[in-house]
Amino acid sequence: MASTPAPTVRENIPAAAPGTLGVYGLTTRFRMVAHTVHAVDDLSFQVTPGETLAIVGESGSGKSVSMLSVMRLLDGRNVKMSGSVSFFDRTGAACDLMTADERTLSRIRGGDLAMIFQDASASLNPLFSVGDQIAETVQLHRGNDRKAAWAEAVELLRQVGIAAPEQRAHDYPHQLSGGMRQRAMIAIALAGEPLLLIADEPTTALDVTIQAQILDLLKELQRERGLAIILVTHDLGVVADFADRVLVMYAGQLVEQGEANAVLSAPRHPYTASLLACLPDPAGEAPVAYRRAKPGIVPAISDEFEGCRFRARCPLAEPRCENHVPLAETGSNWQSRCLFWREVSS
Ligand SMILES: Nc1ncnc2c1ncn2[C@@H]1O[C@H](COP(=O)(O)OP(=O)(O)OP(=O)(O)O)[C@@H](O)[C@H]1O
Ligand code: SF4
Ligand SMILES: [Mg+2]
């Protein structure tokens, strides 16, 4: 039997419970022919067992690239990553995923650390039934025999809300609807009994009832097993219902991070405030009284870009915002990348 490869241990990582993730100064760039895309810039955050961290931000803000970087799933000669990503596996050993070798990554990914991808259709193998794909993960990470792994695959399909799972397990991905494929992906992610689950827009393709069922299932697993969850979403309603903490990204940077209820009630960054301004208030139809962002899209950040990345759309922008804006500690575990954070909710 092959021996388990030793994890890459960083001596400066303090001890933490299995499932804890610490991301420090993560930076990901794509070198293109004429320019460099600064997709993720100096991102730091932690997630602990039993906790849900929501990551929000509009399209192109760097949410998926951050998560794919954490999983070390970006490849290509034009990708340049730096920073460190510590993960404490089931044995309590710390591993820096940024420097870990492929054997260590294969052991951890799909097992202690799993990801539900934004594009379910591209993530399933069209040549194997969904039951086979789930059973394979069960066998690989739990060591069950084939029959037990198949029974577990059927049970996982049942848990994610697929009717007649004994029959559907024999279906190939193209025989399932988009929503069913998404649920099959979730079953694969759960098959290795992860300690930390990264879910990148896991319920976008699903109708509201199924979305609620899936989120309830994740909550139940979290209660039972102390699962840590990173939930990437556009839906601030989901953040309010589901997350303990929220991290807001804009143009590749963390712009605000804090306890979810506190951030959603009185944001300390104009971008978070503008996201909230687009929502009806929880009690009725009136919009929340924050100023919306000026029209525009997330800017592509190149080497020459300086100053606050949100300034072209910010209702509070001033000339000072054209200089570098650092991340400010605005309270206990609450950060904002705004020079005028005190004025956002006042
Ligand atoms: N392989 C790549 N090569 C070059 N640029 C890329 C690559 N992948 C992503 N990008 C760029 O990186 C930036 C961040 O993309 P990312 O997919 O992380 O956004 P996102 O926040 O997940 O958006 P969405 O909400 O639409 O999923 C975008 O400008 C995107 O065009
Ligand atoms: S630093 Fe200036 S431009 Fe940036 S978010 Fe704050 S007020 Fe707006
Ligand atoms: Mg994405």
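These lines cover the structure that appears in this document, whether it is placed above or below. Bear in mind the structure is a predicted one, so any value in this text is a computation, not a measurement. (Residues numbered from 1 in each chain as written. Chains lettered and ligands numbered in written order. Predicted model: local features only at pLDDT ≥ 70, side-chain atom pairs only at ≥ 80, totals over all residues. Heavy atoms only, no water.)

## Structural notes on the pattern of salt bridges
Just so we agree on the cut-off: By convention in these notes, a salt bridge is any Lys or Arg side-chain nitrogen within 4 Å of a carboxyl oxygen on Asp or Glu.
For the coordinates displayed, the defined rule picks out 13 salt bridges. Linking R158 and E166 is a salt bridge whose minimum nitrogen-to-oxygen distance equals 3.2 Å. Ionic contacts of the salt-bridge type, sharing partners, join the residues R29, D41 and R309 into one network.

## With respect to the site of ligand 2
Put simply, the rule is: Residues are counted as near a molecule or strand when any one of their heavy atoms sits within 4 Å of it. Nonpolar residues are Ala, Val, Leu, Ile, Met, Phe, Trp, Tyr, Cys and Pro. Charged residues are Asp, Glu, Lys and Arg, and all others, Gly as well, are polar.
Neighbouring ligand 2 are H269, P270, C308, R311, C314, L316, A317, C321, V325, C338, L339 and F340. Grouping the amino acids of the shell around ligand 2 by side-chain chemistry returns 10 nonpolar, 1 polar and 1 charged.

## Overview of the coordination of the magnesium ion (ligand 3)
Rule in force here: Keep in mind that water is not among the atoms, so a site may look incomplete; donors are the N, O and S atoms within 2.8 Å of the metal, or 3.2 Å for Na, K and Ca. Each helix corresponds to a stretch of at least 4 residues labelled H or I by DSSP, and each strand to a stretch of at least 2 residues labelled E; elements are numbered beginning at the N terminus. Exposure is judged per residue with a 1.4 Å probe applied to protein chains only, and the accessible area is read against the type maximum: over 50% gives exposed, under 20% gives buried, and values in between give partly exposed.
Every protein donor of the magnesium ion (ligand 3) is accounted for by S64 (OG) and Q118 (OE1), and the metal-donor separations fall at 2.0 to 2.3 Å. With S64 in helix α1 (residues 63-70) and Q118 in the loop between β6 (113-116) and α3 (120-123), the pair connects residues that are 54 residues apart, well separated along the chain. Residue classification places Q118 among the partly exposed residues on the basis of a relative accessible area of 44%.

## Considerations on the site of ligand 1
In plain terms, the rule: Pairs of N or O atoms are called polar contacts if they sit within 3.5 Å, as long as, within protein, a hydrogen donor faces a hydrogen acceptor (for residues adjacent in sequence, only side-chain-to-side-chain pairs).
Around ligand 1 sit 13 residues in total, of which S59, G60, K63, V65 and Q118 are the nearest. S59 places a side-chain nitrogen or oxygen 2.4 Å from an oxygen atom of ligand 1. With respect to ligand 1, the backbone of G62 contributes an N or O atom lying 3.1 Å from an oxygen atom. Among the elements that make up the shell around ligand 1, the one with the highest residue count is α1 (3 residues). Here the residues of the shell around ligand 1 sort into 4 nonpolar, 7 polar and 2 charged.

## Focus: helix α4 (residues 130-142)
Helical geometry note: an α-helix holds 3.6 residues per turn, so side chains three or four residues apart project in the same direction. Quick note on the threshold: For a helix, the expected span equals 1.5 Å multiplied by the residue count minus one. Contacts: residue pairs with any heavy atoms within 4.5 Å of one another.
The first and last C-alpha atoms of α4 sit 18 Å apart over 13 residues, in line with the 18 Å expected at 1.5 Å per residue. Within α4 the residues assigned to the buried category are V130, G131, Q133, I134, A135, T137 and V138. Structurally, α4 contributes buried residues whose contacts are with α5 (146-159), α6 (165-168) and α7 (178-191). Looking one or two residues past α4, G143 carries a phi angle of roughly 75°, positive in sign.

## Description of the environment of D145
Tracing the chain through its elements places D145 in the loop between α4 and α5. Here the alpha-carbon distance between D145 and A135, two residues 10 residues apart in the chain, equals 9.5 Å. At 3.1 Å, the side chain of D145 and the backbone nitrogen of K147 are in polar contact. Among the polar contacts listed, one links the side chain of D145 to the backbone nitrogen of A148, at a separation of 2.8 Å.

## Structural notes on the sheet that holds strand β2 (residues 36-47)
The following threshold applies: Here, any two strands with at least 2 DSSP bridges between them count as paired. Throughout, an axis means a line fitted to C-alpha atoms (over the contacting stretch in the case of helices), and angles, computed between N-to-C directions, take values from 0 to 180 degrees.
The strand order β2-β1-β4-β5 describes an open sheet built from 4 strands, whose pairing is antiparallel. With one partner strand each, in any of the chains shown, β2 and β5 (94-96) form the two edges of the open sheet. Ignoring strand direction, the axes of neighbouring strands in this sheet form an average angle of 10°. Across 3 bridges, the pairing between strand β4 (residues 79-88) and β5 is antiparallel. Opposite F88, over in β5, you have A94 as the bridge partner. In the packing of α1 onto the sheet, contacts are made with β1 (21-31), β2 and β4, and the angle to β1 comes to roughly 115°.

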